[in-house]
Amino acid sequence: MDYAYFEGKIIPVEQANINIKTNSLHYGTLVFEGIRTYYNEKQNQLYILFSNDHYLRLLKNAKAMFMDTNKTPEELTEITKEILRKSEIREDTYIRPFVYFKDLALTPKLKDFTSEIAIYTYKFGRYLDTSKGIHAKVSSWRRNPDNSIPSRWKVAGGYVNSALAKTEALMSGYDEAILLNEQGNIAEGSGENIFIIRGKKLITPSFSEGILEGITRKAVVKLAKNELFLEIEERSIARSELYAADEVFLTGTAAELTPVIMIDNRPVGNAEIGPITKKLQEIYFNAVRGNIERYRHWLTPVYDT
Ligand code: PMP
């Protein structure tokens, strides 16, 4: 049976239901996270990837939305471990924690409401095709600007923007959308950060482009520097530079490290996974599954061994 954390208790997920009058449901004022676990069969261990970083981001975003959980990232990691253990999960899983206003009240506001935290899990394989690469479309929708709904916050309402772009891409025969910001520069995917490779340089939009401060983005920058000795540039990227890139890939907890092989019907390089992307993928997938000792600190083991 799968368990969830709901209203301060770990209960069967079927019993974790919210009232239809719940305020955050109506105004998208819910902040959330997406965390992955990876099962290592040889070690008979389930690892949570970057648990504390995700919970830190959740709490920071909750604070910005005037929500208070009275929990620390460490406490939330412990609760997550308990849910996974109780559900006896020994396979790759996605964890969805979120904070919301539980009040059964109207008014789109953030003050004088009671916040609640919930966590549930579901079994999860690949989100995008990491083995062959994907086709992406530069969206006709612009990423929501910082002074409208900040993309830095993983707030439910902001994901209307992602849903519009993703749907347009899917209905046009592509796998994923790449959104430009209001200035017309590359921002990010509907649920991923974006990187381009030109020569030995790894280039990614800086945080001032109005993007989510991706946890996978940070990890991949580290791997690129430490393992492949690439030069990293965080700066504005014009749409035309995307077409000029040797390699392009997306990063995200769900998307992991997904190569983009076609953009707007133009091949990226030779329209196959590039050599640097391939190497980074290999290191990333080994690190997250607990196969590289020096990156074991990224992981929280769930079971006592
Ligand atoms: N951008 C957006 C819009 C996202 O939804 C995500 C997924 N959380 C990312 C980037 C990647 O962030 P992370 O690597 O922290 O999962």
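Here is a short report on the structure shown in this document.

Cut-offs applied
Residues numbered from 1 in each chain as written. Predicted model: local features only at pLDDT ≥ 70, side-chain atom pairs only at ≥ 80, totals over all residues. Heavy atoms only, no water. Helix = DSSP H or I, 4+ residues; strand = E, 2+ residues; numbered from the N terminus. Rg over C-alpha atoms; globule rule 2.2 N^0.38 Å. Buried < 20%, exposed > 50% of the residue type's maximum accessible area, 1.4 Å probe, protein only. Contact = heavy atoms within 4.5 Å. Areas by Shrake-Rupley, 256 points an atom, 1.4 Å probe, with all protein chains shown as cover. Lys, Arg positive; Asp, Glu negative; His and termini not counted. Charge placed at Lys NZ, Arg CZ, Asp CG, Glu CD. Near = heavy atom within 4 Å. Polar contact = N/O pair within 3.5 Å; in protein donor to acceptor, adjacent residues only side chain to side chain. 1 Å grid on protein atoms, 1.4 Å probe; cavity = no way out; pocket = protein on both sides within 12 Å on 5 of 7 lines; lining within 4 Å. Sits in = over half its atoms within 2 Å of the grid points. Nonpolar A, V, L, I, M, F, W, Y, C, P; charged D, E, K, R; others polar. Pairing = 2+ DSSP bridges. Right-handed = clockwise from strand over helix to strand, strands pointing away. Salt bridge = Lys/Arg side-chain N within 4 Å of Asp/Glu carboxyl O. Phe/Tyr/Trp six-rings, centres within 6.5 Å; stacked < 30°, edge-to-face > 60°. Lys NZ or Arg CZ within 6 Å of the ring centre and 35° of its normal. Expected span 1.5 Å × (residues − 1). Points joined across faces, edges and corners; volume = space filled by probe spheres on them. Domains from an automatic or database assignment.

**Describing the overall build of the chain**
At step 1: Secondary structure summary: the chain contains seven helices and 17 strands in total.
At step 2: A globule of 305 residues ought to have a C-alpha radius of gyration of about 19 Å, and the chain, at 19 Å, matches this closely.
At step 3: Taking all 305 residues of the chain together, the buried fraction comes to 57%.
At step 4: Residue pairs in contact within the chain that sit at least 24 positions apart in sequence constitute 69% of those at least 6 positions apart.
At step 5: Just so you have it, the chain exposes about 14,000 Å², and 50% of that area is on carbon and sulfur atoms.
At step 6: Positive and negative charge centroids in the chain, built from 40 and 40 side chains respectively, lie 1 Å apart.

**Notes on the site of the ligand**
At step 1: Inspection of the region around the ligand gives 16 residues, with Tyr159, Glu188, Ile215, Thr216 and Thr253 positioned closest.
At step 2: Here Lys154 contributes a side-chain N or O atom positioned 2.8 Å from a nitrogen atom of the ligand.
At step 3: Taking Ile215, its main chain carries an N or O atom lying 2.8 Å from an oxygen atom of the ligand.
At step 4: Look at the ligand: alone it shows 390 Å² of surface, and the protein chains cover 97% of it.
At step 5: Here the ligand is seated within the largest pocket.
At step 6: Partitioning the shell around the ligand into residue classes produces three nonpolar, eight polar and five charged.

**Some thoughts on the pairing of strand β12 (residues 201–204)**
At step 1: One ladder, built from three bridges, connects strand β11 (residues 193–198) with β12; its direction is antiparallel. Within β12, the residue paired with Arg198 across the bridge is Lys201.
At step 2: Between β11 and the antiparallel strand that follows it, β12, lie two residues; Gly199 among them carries a positive phi value of about 65°.
At step 3: Chirality of the crossover, the property in question, places the unit of β12, helix α5 (residues 215–226) and strand β13 (residues 231–234) among those that are right-handed.

**Some points on the pattern of salt bridges**
At step 1: Scanning all chains against the criterion turns up 21 salt bridges.
At step 2: Residue Lys201 pairs with Glu233 through a salt bridge whose shortest N-O separation is 3.2 Å. With Lys201 in strand β12 and Glu233 in strand β13, this pair connects stretches of sequence that are 32 residues apart.
At step 3: Classification of Lys201 by relative accessible area gives partly exposed; the value is 30%.
At step 4: In this structure, Arg296 and Glu293 form a salt bridge, with 3.3 Å as the shortest nitrogen-oxygen distance.
At step 5: Exposure remark for Arg296: the relative accessible area of 25% places this residue in the partly exposed category.

**A short note on the packing of aromatic side chains**
At step 1: One pass over the full model with this rule turns up 13 aromatic pairs.
At step 2: Between Phe101 and Phe113 the ring centres are 5.4 Å apart and the planes differ by 55°, which places this aromatic pair in the tilted class. Of this pair, Phe101 sits in strand β6 (residues 93–101) while Phe113 sits in the loop between β6 and β7 (115–123), and the two are 12 residues apart along the sequence. Of the two residues, Phe101 and Phe113, both sit in the buried class.
At step 3: Against the face of Tyr303 rests Arg90, its NZ or CZ located 3.9 Å from the ring centre.

**Points about helix α3 (residues 73–86)**
At step 1: Spanning 14 residues, α3 covers 20 Å between terminal C-alpha atoms, matching the ideal 20 Å at 1.5 Å per step.
At step 2: Where α3 terminates, the next one or two residues include Glu88, which has phi positive at roughly 55°.

**A look at the layout of surface pockets**
Take a probe with the size of a water molecule and roll it over the atoms, and the empty space left behind shows itself.
At step 1: The volume enclosed by the largest pocket comes to roughly 510 Å³.
At step 2: As for the largest pocket, its lining consists of 29 residues, of which Tyr94, Arg96, Lys154, Tyr159 and Gly191 are closest to the centre.
At step 3: Ranked by residues supplied to the lining of the largest pocket, first place goes to helix α4 (residues 159–171) with four residues.
At step 4: Residues of the lining of the largest pocket, tallied by class, amount to 10 nonpolar, 12 polar and seven charged.
At step 5: Both domains that furnish three or more residues to the lining of the largest pocket are identified here as domain 1 (3–122) and domain 2 (134–288).
At step 6: In this structure, the second largest pocket encloses a volume near 380 Å³.
At step 7: Looking at the second largest pocket, it is lined by 15 residues, and the ones nearest its centre are Arg57, Lys60, Glu213, Ile215 and Lys218.
At step 8: Counting only elements with at least two residues in the lining of the second largest pocket, the list comes to α2 (51–64) and α5.
At step 9: If one sorts the elements of the lining of the second largest pocket by residue count, α2 sits on top with five residues.
At step 10: By residue class, the composition of the lining of the second largest pocket is five nonpolar, two polar and eight charged.

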